[in-house]
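Here are the chains, one letter per residue:
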Amino acid sequence: MASETVVRRTEQWFVRQGAPTMIEGYGFRSHVLPRMLPALTFVAVGSLAWLVLLKSTGLSKWVLLGVIVAVMVSAWILLSLFTRRLPSFSPRTTVVVLVAYAAMPVIVPLLQLAINDKVTTPGADDTETEWWVTALWFVVFFGVAFVATMLATTYGLGALLKAAIRHVIADLSNSVHLIGRALPPMLFVTLFLFFTGELWQAMNQLRWPRVSLVVLLFASITVLAAAARLRDEIGRVEQDLRPEVLKTACKGTPLSEVEIAEPLPPKRLNGRQTRNLLVMLAIRQLVQAAVIGLALFAFFVVLGLIVVTPAIAEQWIGSPVAKSMIPGVPSAMLRNATLFAAFGSMYFSVISMSDAEHRRQFFAPVIEKVERTLEVRAVYLDVRGRAAA
């Protein structure tokens, strides 16, 4: 019984570390779907919130909206407490949950039809839309939400992202060092392009949705480059499974009291587990890229405010300058800063992955975390095997 408790707590430790795929027998019904339940409930209940805005007015609208938000948050908290025990759904429960969620693209339009006598998508105007277009919108919305939640849950993206952000905040000295190393070469590449009149003309006409697509394109290139490079990093991870190494790795985990008398054999990783480790490394890389991007964005905004006066901006653009939400700051300046920040962070991420010094300073801690995860997994599998014997 004690071994089973240790195994259970170790599996919860893997989830908190953002490595849930290290759990033996990890599967959709046994592990993923139960942990998806809070997010799926949040999406399902939250999809009803905008229906309140259709007919309600005045104070009643905000009261009803507040009730729905309270229900969403309460459901999230209660179901999160339930799923911390890592329950395993039976086949019947799995079918019930999936059918209930699959019914949402039908339930929400029917509720809107009852409230508003017609069905429209959120944000749509009053013009008539083909019924199949509206139906397809609801199916795609709930489908995308389900797939995104499944991927995030399967690979522990939430825990990994929180850990990466905590690391950046806690290790400000490394962040300052990172920015200090990144800014000079980035400015050498991009500084003079910032003062190009043609680029200001393009940015004055380009709308934010298109700028977002450009940023997304740079982010995609960063992810693809990181995926190719980080596979080499995974290949360098060593599994030193000597007793003294394993005891050190298990400190602070539920396995800290386990007796380890002899070396354990290395455990082979399957494809999902390898992808989980790649995601662990990639998120750390992307968070570093975000730090560089924010620093570059702030620099170019400050530089633009100092150098580019409204008269100069209008002369470069050749037409009235589009105003932004920030008084005195042209939209073209913000879009230019966003473009160069995205390009600079992508450029630094790609170049830095081939730099041995950068890997030593900024990649060594996360490689050590990967190695520790594999060492704890070896002990976990050994304890689990003895408990099942």
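Here the structure is a predicted model, which means the values were calculated and not measured.

## Section: the confidence of the model for the protein chain
When the pLDDT values of the protein chain are averaged, the result is 80; 83% of them are 70 or greater. For the protein chain, per-element mean pLDDT is lowest for helix α3 (residues 49-55), which scores 61, and highest for helix α5 (residues 91-102), which scores 91.

## Description of the pattern of salt bridges
A side chain of one charge can pair with a side chain of the opposite charge when the charged atoms of the two come close. One pass over the full model with this rule turns up two salt bridges. Here E244 ties to R242 by a salt bridge, and the two come within 3.4 Å at their closest N and O atoms.

## Points about α5
Here α5 spans 16 Å end to end across 12 residues, near enough to the 16 Å set by a 1.5 Å rise per residue. Every buried residue belonging to α5 is among T94, V97 and Y101, and all of these are buried. The buried side chains of α5 occupy one side of the element, clustering within an arc of 70° when seen end-on. The exposed set on the far side of α5, more than 90 degrees from its buried face, consists of P91, R92, V96, V99 and A102.

## Details of the environment of L191
Counting through the fold element by element, L191 comes out in the loop between α9 (172-190) and α10 (197-205). Looking at L191, the relative accessible area reads 24%, which means it is partly exposed. A C-alpha to C-alpha distance of 9.8 Å links L191 and L303, two positions 112 residues apart in sequence. Contacts of L191, omitting those with residues within four sequence positions, involve F299, F300 and L303.

## Looking at the packing of α10 against helix α15 (residues 331-352)
Orientation of α10 relative to α15, taken along the N-to-C sense of each, is 105°, at an axis distance of 8 Å. Overall, the two elements α10 and α15 adopt an arrangement that is roughly perpendicular. Judged by residue contacts, L199, W200, M203 and N204 of α10 engage A332, M333, R335, N336, L339 and F340 from α15. Along the lines of polarity and charge, the residues of the contact of α10 with α15 split into seven nonpolar, two polar and one charged.

## Some thoughts on the nonpolar core
Across soluble globular proteins, nonpolar side chains show a tendency to be buried alongside one another. One finds L255, L277 and V379 to be the most contacted residues of the largest nonpolar core, which totals 58 residues. If one sorts the elements of this core by residue count, helix α16 (residues 356-388) sits on top with 10 residues. Residues in contact with L255, not counting those within four places in the same chain, are V6, T10, C250, V376, V379, Y380 and V383. Listed in part, the 26 residues of the second largest apolar core include M186, V329, A332 and F340.

## Points about the packing of aromatic side chains
In total, this model carries 17 aromatic pairs according to the counting rule given. Measuring from centroid to centroid gives 5.1 Å for F141 and F142, while their planes differ by 85°, and the two rings are edge-to-face. Judged by relative accessible area, F141 falls into the partly exposed class, the value being 35%. Overall, F142 belongs to the buried group, its relative accessible area being 2%. Pairwise contacts between aromatic rings join F194, F195, W200, F299, F300, W316 and F340 into one cluster.

## Thoughts on helix α13 (residues 271-307)
An α-helix turns once every 3.6 residues. As a result, residues three or four positions apart point the same way. When the terminal C-alpha atoms of α13 are compared, their 52 Å separation across 37 residues agrees well with the 54 Å that a helix rising 1.5 Å per residue should span. You can read the cap of α13 off the contacts: a side-chain oxygen lies 3.2 Å from the backbone nitrogen of R272, and it is on N270.

## So, the side chain of S331
Mapped onto the elements of the fold, S331 is located in helix α15. Relative accessible area serves as the criterion here: at 4%, S331 is assigned to the buried category.

Procedures and definitions
- Each residue is numbered by its place in its chain's sequence as written, counting from 1.
- Selection of residues for local features in this predicted model requires a pLDDT of at least 70, selection of side-chain atom pairs for listing and counting requires 80 or more, and totals for whole chains, interfaces and linings are taken over all residues.
- Hydrogens and waters are ignored; side-chain quantities use all the structure's heavy atoms.
- pLDDT is defined as a per-residue confidence score from the predictor, taking values between 0 and 100.
- A helix here means a DSSP run of H or I that spans at least four residues, while a strand means a run of E at least two residues long, and both kinds are numbered starting from the N terminus.
- We define a salt bridge as a side-chain nitrogen of Lys or Arg found within 4 Å of a carboxyl oxygen belonging to Asp or Glu.
- The length a helix should cover is 1.5 Å for every residue beyond the first.
- Think of it in three bands: residues with accessible area under 20% of the maximum for their type are buried, residues over 50% are exposed, and the middle band is partly exposed, with areas taken using a 1.4 Å probe on protein chains only.
- Think of the arc as the fan of directions from the helix axis to the C-beta atoms.
- Here, two residues are considered to be in contact whenever any of their heavy atoms come within 4.5 Å of each other.
- Interaxial angle, 0 to 180 degrees, is taken between N-to-C directions of lines fitted to C-alpha atoms, where a helix line uses only the stretch in contact.
- Note that the term roughly parallel is reserved for angles under 35 degrees, roughly antiparallel for angles over 145, roughly perpendicular for angles of 65 to 115, and oblique for everything else.
- Lys, Arg, Asp and Glu make up the charged group, whereas Ala, Val, Leu, Ile, Met, Phe, Trp, Tyr, Cys and Pro make up the nonpolar group; the residues left over, Gly among them, are polar.
- Nine residue types can take part in a nonpolar core, namely buried Ala, Val, Leu, Ile, Met, Phe, Trp, Tyr and Cys, and a core is a set of them joined through side-chain atoms within 4.5 Å.
- The rule is short: rings of Phe, Tyr and Trp, with Trp giving its six-membered ring, pair when the centres are within 6.5 Å, and they are stacked under 30 degrees, edge-to-face over 60, tilted in between.
- What qualifies as a polar contact is a pair of N or O atoms within 3.5 Å, subject to a donor-acceptor requirement within protein and to the restriction that residues adjacent in sequence count only when both atoms come from side chains.

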